[in-house]
Each structure stands twice: as C-alpha cells, then as structure tokens.
Amino acid sequence: TMVDRIPFTNNVLSAPLQVGFIYMIIVSFFQFNFFAEPHQKVAKTPVKRIHYVAYRYISSLFSFFFLSLIFGLITLAYQVKFTATYGKSGFLVYWSIAFLTMSAVGLATEIMGMFIILFYPPLMGFWLIFWVISNIAPTYTSMALTNNFFRYGYAMPIHNSYEATKTVFFDVYKGQLGRNFGILVAWVVMLSCVFPFAVMHFSKAMGKKAAAAAKAQLEAAKRAEEEKNARGDV
C-alpha cells in the first residue's frame, strides 16, 4: 500500500522528474557524437597528449555545464516554481544536481564510447539502451515497494539525482540529500580518474589504425605503380 502524503499538484513536474532524466542520458550520449569531429581535428594537430586529454575533459565538463543550465531554463520556462524548499536558491540547487548528473552519465558514456568504437562501433546503441534502462528501472517507484534486485539503484546516478531533485520541487525529507550528492560526486570523481587513461588508450589505438591504413594505402599505390610500369615494359 502506497500513501502519497505530498502528491503532484502541477502535472508539468512529471517532465523534469520523469522523462527529463531519460533526456539527460540521451543528450549526454549525443554530446559525445556532436563533438567527435572537432576532437578528431584537434587530435591531428601537433598538440601534446597531456594537453589533448585536458582539452577533452574540460570541453566535456563545459558541455555538461551549459546543457544542464538549458535543462533548468526549459523547466523554468514552463513556470515551475523552484522556491518550495530552498527559496530563491532553488534554481541553483536544481542546476547543480543536473550538472552532476549529466557529468556522471556523460563521462560514463564517453569512456564506454571510446572502448566500444575500438571494439565494435554498432554496440553504441546497445550501450545507450542499457544505460537508460539500468538507471531508470530503480528510480520512479519507491524502493520499498520493489524487488530486492533493484536495490542496486541506490548506487546509480539517476536514482540519486531523482531523490535530490524531489527536495527542490517538494518540501520533503532532506536527510538523505548528503548521500545523494555524495554518490553523484563519487561517480564524477571516479570517472574523472578513468577518463585520462581511456583517452590516451583511444588516441594511441586510433593512431596505430591510421598509420596502418596509411601504410596499406602506400603499399597499394606502390603495387599499382609497379603494375603500370610492368605493362609499359611489355
């Protein structure tokens, strides 16, 4: 039996509290594709590897920073009140939650994307589906009413973002807010530590592939020239 002591009074809130989280994962996924070409152009310049890694990391965080701001502004445009719990600071709290959430799910997608592209690029679609389902499944229903299997959700970014976001729009219990922020920050810190190694491995592997392709093209051109000369001798 579920008793909702603070029911929805504004149906617009179903957007940032439900579909909005799915959009966060999807937008962070496409952010990786949007900047693939600029990243390739920068990688071809004579930039040091450590500088390239810093560029990739900072550019990703800046993307998440502004994308999370846009998420907040869209919600604000629909006249959703952010002052229920934190007063005038409610929007800033929501923005910080959205930024940490997009950084967590986005960095995970970038790291997985770099490994998947090297292994088998068509798997990117399966990763997106897996990342959405694994995050959303333990989120929208009260954990006490779900099967114990879904308790893994306590450690997932979207579940903690959902619980933290509820404190912005409803004056609900905030005792677990520290844990929610802590888990989101832990995801960002952990993925930030893995990110440089993933970028270096990816750039090194792609460099080897490019060198092998250039060598094969050179050998093919050489063979074609030799065959042309042989036909000329005949």
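Our subject is the structure that appears above.
Described below are features of the structure shown in this document. (Residues numbered from 1 in each chain as written. Predicted model: local features only at pLDDT ≥ 70, side-chain atom pairs only at ≥ 80, totals over all residues. Heavy atoms only, no water.)

### Here we look at the packing of aromatic side chains
Enumeration according to the criterion identifies 20 aromatic pairs in this entry. Ring centres 6.1 Å apart and planes at 35 degrees place the aromatic pair Tyr-52 and Tyr-55 in the tilted group. Placement of the pair is Tyr-52 and Tyr-55 together in helix 3 (residues 49-77), with a separation of three residues, close to one helical turn. Judged by its relative accessible area of 8%, Tyr-52 is buried. Ring pairs connect the aromatic residues Phe-62, Phe-65, Phe-66, Phe-82, Phe-91, Tyr-94, Trp-95, Phe-99 and Phe-169, which therefore count as one cluster. (Phe/Tyr/Trp six-rings, centres within 6.5 Å; stacked < 30°, edge-to-face > 60°. Helix = DSSP H or I, 4+ residues; strand = E, 2+ residues; numbered from the N terminus. Buried < 20%, exposed > 50% of the residue type's maximum accessible area, 1.4 Å probe, protein only.)

### Some points on the packing of helix 1 (residues 14-34) against helix 3
The contact between helix 1 and helix 3 brings their axes to 11 Å, and the two run at 150 degrees. The orientation of helix 1 relative to helix 3 falls into the category roughly antiparallel. Two packed elements cross with a definite hand, and for helix 1 against helix 3 that hand is right-handed. Contacts between helix 1 and helix 3 involve Pro-16, Gly-20, Tyr-23, Met-24, Val-27, Ser-28, Gln-31 and Phe-32 on the former and, on the latter, Arg-56, Ser-60, Ser-63, Phe-64, Leu-67, Phe-71 and Thr-75. Split into classes, the residues belonging to the contact of helix 1 with helix 3 amount to eight nonpolar, six polar and one charged. (Axes fitted to C-alpha atoms, helices over the stretch in contact; angles between N-to-C directions. Parallel < 35°, antiparallel > 145°, perpendicular 65-115°, else oblique. Left-handed = near helix turned anticlockwise from the far one by under 90°. Contact = heavy atoms within 4.5 Å. Nonpolar A, V, L, I, M, F, W, Y, C, P; charged D, E, K, R; others polar.)

### Digging into the packing of helix 1 against helix 7 (residues 157-169)
Across the interface, helix 1 lies against helix 7 with an axial gap of 11 Å and an inter-helix angle of 140 degrees. The pairing of helix 1 with helix 7 is recorded here as oblique in orientation. Relative to helix 7, the crossing made by helix 1 is right-handed. Side by side, helix 1 and helix 7 meet where Pro-16, Leu-17, Phe-21 and Ile-25 of the first sit next to Ile-158, Ser-161, Tyr-162, Thr-165, Lys-166 and Phe-169 of the second. Grouping the amino acids of the contact of helix 1 with helix 7 by side-chain chemistry returns seven nonpolar, two polar and one charged.

### Description of the pattern of salt bridges
Enumeration according to the criterion identifies four salt bridges in this entry. We note a salt bridge from Glu-110 to Arg-56, for which the minimum N-O separation is 3.2 Å. Linking Glu-110 in helix 5 (residues 90-119) with Arg-56 in helix 3, this pair joins segments that are 54 residues apart in sequence. Here Glu-110 falls in the buried class, since its relative accessible area comes to 1%. Taking the relative accessible area as the measure of exposure, Arg-56 reaches 2% and is therefore buried. Here Lys-166 makes a salt bridge to Glu-163, at a shortest N to O gap of 3.4 Å. Of this pair, Lys-166 and Glu-163 both sit in helix 7, three residues apart, roughly one helical turn. With relative accessibility at 16%, the residue Glu-163 sits in the buried group. (Salt bridge = Lys/Arg side-chain N within 4 Å of Asp/Glu carboxyl O.)

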